[in-house]
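Structural overview
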Protein chains: 2
Amino acid sequence: MTRQQLFENIRRKQSFLCVGLDTDLRKVPVHLTDKARRDKNFDPIFEFNRAIIDATAPYCIAYKPNLAFYEAHGVMGWMAFEKTVKYIRQRYPDQFIIADAKRGDIGNTSKLYARTFFEELDVDAVTVAPYMGEDSVTPFLGYKGKWVILLALTSNKGSHDFQLMEAQTLPAGAAQQTGEKLFERVIRKSQEWERTVLETMAGEAGSENGSAPAAVGSGMMYVVGATQGSAFADIRRLAPDHFLLVPGVGAQGGSLEEVCRYGMNAQCGLIVNSSRAIIYADATEQFADVAGQKAREVQQQMAAFLR
Amino acid sequence: MTRQQLFENIRRKQSFLCVGLDTDLRKVPVHLTDKARRDKNFDPIFEFNRAIIDATAPYCIAYKPNLAFYEAHGVMGWMAFEKTVKYIRQRYPDQFIIADAKRGDIGNTSKLYARTFFEELDVDAVTVAPYMGEDSVTPFLGYKGKWVILLALTSNKGSHDFQLMEAQTLPAGAAQQTGEKLFERVIRKSQEWERTVLETMAGEAGSENGSAPAAVGSGMMYVVGATQGSAFADIRRLAPDHFLLVPGVGAQGGSLEEVCRYGMNAQCGLIVNSSRAIIYADATEQFADVAGQKAREVQQQMAAFLR
């Protein structure tokens, strides 16, 4: 999906909501796990997801399954993950699918992860951890219409341990007098990598049809936790145009209003995730309807910020 | 496995070799993939691993499957991974099994990953990425006999992008006059987390049987690339007693002699990984024998450093 298509979806649906499919068998309604006990062909993870997706699809523009929840069930979990991605892809082709995997390894191994997520599973984006640097990240770039969502400033308490570390040296030509923080360096350097890869892609494509780099529809996005408040303003100075994936609204305590005030740009530029507050809003047979209502409430709040 | 048991195995086998099971279907001998095409019950990934394990087990003390290679094959890959872990566990119970997963997420999600790897799959150690800080790492601590192997200074080129970033402020009571580097902060802070968790565990155990923290047999290890040469000396100042998992000897160009000179401690303190140079040493029907010979050669080099 290109950035333009993503923005079109946001405008049309008046929503920048991503529903986090953190499906935990200990939290899904008991009638689903009961049924799975009686019928071994019944996949309670996938069936939960399917009901949630059908109910929330009109109100969101993205889904984000977190791999941890699927890996927890081994082979059965992987099957449920694959089925979920396929279901969204076929039934709701305008949804942006994010594999929340936080992968990252040496170049050759990252290349393999990229192939798995973009070619085999065909998701639109993967979250990637930046600690191992350039060759761990760039293999995820360079797939047309696919996106790397790099961890920058996360929503958890531990984000303060390393991400806010201030460097001794200033970046060349920096206006500010304080040292560059680790998350700022991640955003700055990863944009250099992005530029290099996209220029190469555009050059290759250009020799055929003269398309501009922007048309490649691929590149970086960043994870910035909703709990980071005014840090969004700093991030927008560094990355004015990039989309930000924002977890932490709702259960983790971040404010949608603050995120929009500091983080929104002319093309919205935000994908705000909510998981628990939507998918576990109810544990009865009406769980999907209630999830749909919750998603609709968030969508209506979002519409006000999009005007 | 406790640190003492690991050291006993190293002494007995005169080896601190870890064989990396980076099993790639495009690189395994063709007779295996051919057989898989004819017989759909034949699992070429697992069968390759089993042959490699049987041939190398006398010469190594650990196996490290990298999850990327298994995820690349979806459900089939996960089945091969689970079978491989089970095979090693049952057939060679003295082998230390490392899931090279480089996971790390917000607290609740890391807890889930920890449960998957330590309770469901029953590996001895998981590699973890530190970017998200304390609550992303500590859920992996606190399992008796299980280990977190935290990325500190990796073997790839990209390790220079962020891991060597120097902080503006010195750590309290620091002797050195230069700023603390990110990988140094990772090692320092994670040892604080380790201490807190182990003291809690020892307190709980102590109220029953008075065991000392060391007896818990759990905690941190660090990934330090063999390509980092004299940085091992700096790391040993920060973490004199911890085991280091060292990738990058062989194909990536690191020197075993340098690693041993700067990195070895009184209990060896090193687990040196080799993947491609051993498992893909030969692509004929004799591949396993050749892998065994290669592992034996490395073991003999290692024995000289253990004397």
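Structural data are supplied above this passage.
Residues numbered from 1 in each chain as written. Chains lettered and ligands numbered in written order. Predicted model: local features only at pLDDT ≥ 70, side-chain atom pairs only at ≥ 80, totals over all residues. Heavy atoms only, no water.

**A word on the relation of the copies chain A and chain B**
The cut-off we apply is this: The superposition of copies rests on a least-squares fit of C-alpha positions from residues with pLDDT of 70 or more in both. Any two residues whose heavy atoms approach within 4.5 Å at even a single point are treated as in contact.
Expressed as a screw operation, the relation of chain A to chain B combines 0.0 Å of axial shift with a rotation of 180 degrees, fitting to an RMSD of 0.0 Å. Here the symmetry operator amounts to a two-fold rotation axis. In this assembly, 100% of the residues forming the interface of chain A have copies in chain B that are likewise at the interface, indicating an isologous arrangement.

**Quick look at the state of the cysteines**
All names here are of chain B. Cut-off, in case you're wondering: Here, a disulfide means two cysteine sulfur atoms that sit within 2.5 Å of each other. Each residue is assigned to one of three classes by its accessible area relative to the maximum for its type, calculated with a 1.4 Å probe on protein chains only: buried under 20%, partly exposed between the two thresholds, exposed over 50%.
Applying the stated criterion across every chain, the model contains zero disulfides over all chains. Between Cys60, a cysteine without a disulfide, and Cys18, which holds the nearest cysteine sulfur, the sulfur-to-sulfur distance is 7.3 Å. Taking relative accessible area as the criterion, Cys60 reaches 0% and is therefore assigned buried.

**Considerations on the packing of aromatic side chains**
So the rule is basically this: Think of it this way: a Phe, Tyr or Trp ring, Trp meaning its six-membered ring, pairs with another when their centres are within 6.5 Å, and the plane angle makes it stacked under 30 degrees, edge-to-face over 60, tilted otherwise. Helix numbering and strand numbering both begin at the N terminus, where a helix is a DSSP run of H or I of at least 4 residues and a strand a DSSP run of E of at least 2. Note on geometry: a ring has a charge over it if NZ (lysine) or CZ (arginine) is within 6 Å of the ring centre and within 35 degrees of the ring normal.
Under the counting rule described, the total for this entry stands at 17 aromatic pairs over all chains. The interplanar angle of 25 degrees and the centroid separation of 5.9 Å between the aromatic rings of A:Phe48 and A:Tyr280 together place this pair among those described as stacked. In this pair, A:Phe48 sits in helix α3 (residues 44–56) while A:Tyr280 sits in the loop between α12 (276–279) and α13 (287–306), placing the two residues 232 residues apart along the sequence. Accessibility assignment for this pair places A:Phe48 and A:Tyr280 in one class, buried. Taken together, A:Tyr70, A:Trp78, A:Phe81, B:Tyr70, B:Trp78 and B:Phe81 form an aromatic cluster joined through their ring pairs. Above the ring of A:Tyr87, the side-chain terminus of A:Arg50 is found at 5.8 Å from the ring centroid.

**Structural notes on the packing of helix α3 (residues 44–56) of chain B against helix α5 (residues 74–91) of chain B**
Residues and elements named next belong to chain B. As a reminder of what qualifies: Axes here mean lines fitted to C-alpha atoms, for a helix over just the part in contact, with angles spanning 0 to 180 degrees between N-to-C directions. Angle categories: roughly parallel below 35 degrees, roughly antiparallel above 145, roughly perpendicular from 65 to 115, and oblique for all the rest. Two helices cross in a left-handed way if the nearer one is turned anticlockwise from the farther one by less than a right angle. They cross in a right-handed way if the turn is clockwise. Throughout, the ten residues Ala, Val, Leu, Ile, Met, Phe, Trp, Tyr, Cys and Pro are labelled nonpolar, Asp, Glu, Lys and Arg are labelled charged, and all others, Gly among them, are labelled polar.
It is at 9 Å that the axes of α3 and α5 come closest, and there the two elements cross at 25 degrees. By the angle class used here, α3 and α5 are roughly parallel. Of the two possible hands of crossing, α3 and α5 adopt the one that is right-handed. In this structure, α3 contributes Ile45, Phe46, Asn49, Arg50, Ile53 and Asp54 to the contact, and α5 contributes Met76, Ala80, Lys83, Thr84, Tyr87, Ile88 and Arg91. Its residues placed into classes, the contact of α3 with α5 shows seven nonpolar, two polar and four charged.

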